[in-house]
Amino acid sequence: MTMTLLEVSSLRTSFATRSGRLGILRDVSFAIARGETVALVGESGSGKSVTAASILRLVEAAGGRIDAGRVSFEGEDLLSLSPARLRALRGGRIGMIFQEPLSALNPVQRIGDQIAEAVRLHRPLSRRAAWGRAVELLSLVQIPAPGLRARDYPHQLSGGQRQRAMIAMALACDPALLIADEPTTALDVITQAQILSLLAELRDRLGMALLLITHDLGVVAGVADRIVVLYAGQVVEQGPVAEIFAAPAHPYTRGLLDAVRLDTLTPGTALPEIPGLVPPLDALPAGCAFAPRCGRADARCRSAAPPMPPGGARQAACFHPLPAPLPGGHAA
Amino acid sequence: MTAPLLEIRRAVRHFDTPAGRVRAVDDVSLSIQPGETLGLVGESGCGKSTLARLAMKLVPPQSGAILFEGDDVATANRATLARYRARMQMVFQDPLSALNPRESIFRILEQPLLVHRRGDRAARQARIAQLLQQVGLRPEVALRYPHELSGGQRQRVGIARALALEPRLLLCDEAVSALDVSVRAQVLNLLLRLRAELGLAALFISHDLAVVRHVADRVAVMYLGQVVEEAPRDALWQQPRHPYTRALMAATPVADPAEARARPPLPLQGELPDPIDPPAGCRFHPRCPMAEPRCRVEAPVLRAIAAGHAVACHRP
């Protein structure tokens, strides 16, 4: 029996716009067990970053509002937590890293001082001891000559080293959960591979859980245990990584997978496309939000929203899920 | 063999910065035949975008030559240069920063036609309608402004603008890198279709090897301002000979959980060195799993090892 670390249930988050409140998350539910890696996958506008920001209630500072749902972490209800307790949790039991470390790091403070400060926010250490811990953390994320690099300012580090420094800061207080929002999107392929394998290694070594937020299913095939697919603010499919890749049930998941499997095509031939565009959240179609782009949609899909079946390791919100592969055969 | 459409001969472009001299493009030779797509891959800072800017003559080379249809661009007169620029067009990564936010799509597409004095108002209107249709946009998009369009629609506008003057060659600099995966497939299909319909040649610059493999006929791999390997697509993937090319391939994500987990660790360490002070000898040697003493002192030259396949390595 696995222990649930984080549980997000029926989360709804909205933002104020000129034309009224706009629902960004329209029912997001998933859970992460201790030590587990979950990839939250979706395109721009799917609500994946807002999900991360809602978990830590960072949306409130950005003008967002959590309208309904529950977020529990280690048995605590995050949505009713006091501001002080919430601050202790952010950067404490839950660490977070972002796509662009340069915008998250203070440009006029030395890397070592920033990490030491993060340590001292959560732990009663002397300046000297906190600096020592910062150097130790830089060494943990495999930055060469960590004692020297701690004295550098962010602009003196390469993009990959800055992302490592961000990770070091997020690990300052041994988090049980690390939320990584597009941690490798701005990086080159080789640096991307290095950062992903570093995250997997740290997860195994420190026993922490990982919530990887990404637009690219291909990137997470090697590190995720489970995949949660978001479309237009809703979870459309979730399940173990091997099952999702072998036999996606939701046509949207299938489309995302086709898009990253260029190597299965003859070079120069037309790529399988998901036609059309992600619908604007203020003009969602009736019924299934994916129906206008879906080859399997019928009248029912255009009038009623398919519910997510309750429970189970494998779920898809679709009236016409793709068939599972026959035993010993291939997916249809 | 036909004459190349674009030929870059031993081009050198350095930039002086407060921190020192950046050797962005250091003795690079490449050519593109009519109708051919050359893929150019490498990490950020390898010089691939500078090479595109050299080809467009947005920056001049310090030495070497750039020839378009046999004419040296450096010594071309204004009329030749204008014709040359019309026949070679660029598609950028971020269409929002490449499109003027205060101009309607109609104005944006009309601009190159006005600059190059193509047709009267009625002819320009007809051409713009045709361009929008070619890139799969509805006619009413002409009245919109860039911020009113989605990322994919904006990139279609960027492509329509590049096509306005009927170029022979498109320089695509990370043209699909900023797009969502589902939109990326649509835009790639558009580029593939236009290439076939219009017989366009292309320099397709990308950090994404999977995309390059799908669109390119031939591929050049750049590292720290130099081409380290060049080969026909299939030859490169069947037998990559430079350790850096192999590392790039090994780092490219594979969309298969079992295969991704069975992969050996990346066969190289460290990051791209400072382009201001590149390593002596082979520039790749500090990260190379195969490096031997010779690699630290002697820079390998790019040499042919098979038909159309060249590599700059002492131990290919």
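From a predicted model like this one, the values you see are computed outputs, not experimental measurements.

With that out of the way, let us pick up the sheet that holds strand 7 (residues 177–181) of chain A. All names here are of chain A. Spatially, 6-7-8-3-9-10-11 is the arrangement adopted by the seven strands of the open sheet, whose pairing is mixed. The open sheet is flanked by strand 6 (94–97) and strand 11 (315–316), the only strands paired with a single partner. Two elements, strand 10 (residues 234–240) and strand 11, share two bridges in a ladder whose sense is antiparallel. In the sheet register, Q238 faces strand 11, and the bridge partner there is Q315.

Attention now moves to the confidence of the model for chain B. Residue and element names in this part refer to chain B. Across chain B, the average pLDDT comes to 91, with 100% of residues at 70 or higher. The secondary structure element of chain B with the lowest average pLDDT is helix 3 (residues 95–98), at 76, and the one with the highest is strand 12 (residues 309–311), at 98. Across the assembled chains, the prediction reports ipTM 0.87 with pTM 0.90.

Turning next to the UniProt feature "domain: ABC transporter" (unreviewed entry) in chain A. The UniProt record annotates "domain: ABC transporter" (unreviewed entry) at residues 6–257 of chain A. Across residues 6–257 of chain A, the secondary structure splits into 38% helix and 28% strand, with the terminal C-alpha atoms separated by 27 Å.

A word on the interface of chain A and chain B. At the junction of the two partners, chain A supplies 39 residues and chain B supplies 34 residues. Put simply, the parts of the chain that give the side of chain A that touches chain B at least two residues each are helix 8 (189–206), helix 9 (217–220), helix 10 (241–246) and helix 11 (251–259) of chain A. For the side of chain A that touches chain B, the element with the highest residue contribution is helix 8 of chain A, accounting for seven residues. The residue inventory of the side of chain A that touches chain B, partitioned by class, reads 21 nonpolar, 12 polar and six charged.

Here is what the cut-offs are and how they apply
Residues numbered from 1 in each chain as written. Chains lettered and ligands numbered in written order. Predicted model: local features only at pLDDT ≥ 70, side-chain atom pairs only at ≥ 80, totals over all residues. Pairing = 2+ DSSP bridges. Helix = DSSP H or I, 4+ residues; strand = E, 2+ residues; numbered from the N terminus. pLDDT = per-residue confidence, 0-100. UniProt positions renumbered as here; feature names shortened; annotations may be inferred. Contact = placed C-beta atoms within 7 Å. Nonpolar A, V, L, I, M, F, W, Y, C, P; charged D, E, K, R; others polar.

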